[in-house]
Every structure is written in C-alpha cells, then in structure tokens.
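Tertiary structure, described
If you want the building blocks of each chain, they are given just below.
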Amino acid sequence: MVSPTTGSKPGGSARKGGGKKPLSAYHQFMKDEIPKYKTKNPDAPHKEVFKKVAEMWKGAKSNPATQIG
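Residues numbered from 1 in each chain as written. Predicted model: local features only at pLDDT ≥ 70, side-chain atom pairs only at ≥ 80, totals over all residues. Heavy atoms only, no water.

The chain is annotated in an unreviewed UniProt entry as HMG box domain-containing protein from Aspergillus puulaauensis.

The next subject is the packing of aromatic side chains. In total, this model carries two aromatic pairs according to the counting rule given. Taken together, a centroid distance of 5.2 Å and an interplanar angle of 55° make the contact between Phe29 and Trp57 tilted. Of the two residues, Phe29 is situated in helix α1 (residues 25-40) and Trp57 in helix α2 (residues 46-57); the sequence distance between them amounts to 28 residues. Classification of Phe29 as buried rests on a relative accessible area of 11%. (Phe/Tyr/Trp six-rings, centres within 6.5 Å; stacked < 30°, edge-to-face > 60°. Helix = DSSP H or I, 4+ residues; strand = E, 2+ residues; numbered from the N terminus. Buried < 20%, exposed > 50% of the residue type's maximum accessible area, 1.4 Å probe, protein only.)

Attention now goes to the environment of Pro64. Structurally, the position occupied by Pro64 is in the segment after α2. In the structure, Pro64 is positioned 39 residues away from Ala25 in sequence and 7.9 Å away in space, judged by C-alpha atoms. Those residues in contact with Pro64 that sit more than four places away from it in its chain are Ala25 and Trp57. (Contact = heavy atoms within 4.5 Å.)

What follows is the structure in structure tokens.
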C-alpha cells in the first residue's frame, strides 16, 4: 500500500539524493554483454545466454577478481 502523504510504501527507506544504487561491475557486465551475445546467437534460450555470459565474466577485464596478482 502506498502512503498518500509520502507516495512511498510503508517501511521503505528512501536513498539520500533519490538516486538508485550504482550497478556492481558484474551487473554492468551482464547488462552490456547479454544483448551482444543474443545478437550473435538469436535462437539461444535465455538460460544458455546467461550461463555463457557468466562464464565470460570469469576472464573479463572488468572483473575485479582478474585484477588480483
């Protein structure tokens, strides 16, 4: 239920500045790469696309885990 005075749900907390939380490196990578993979593999089911792109993340330059060492 939305509060008529605040326009928000009860119990929720508004972020200062009203902005959304920034995407993690993983989520940004997935957001960018899934459409690219789907363009190259239009008939692939979403589950397969997600798995393949998640595997690509393991060696991605934007993955902080690949920066170690």
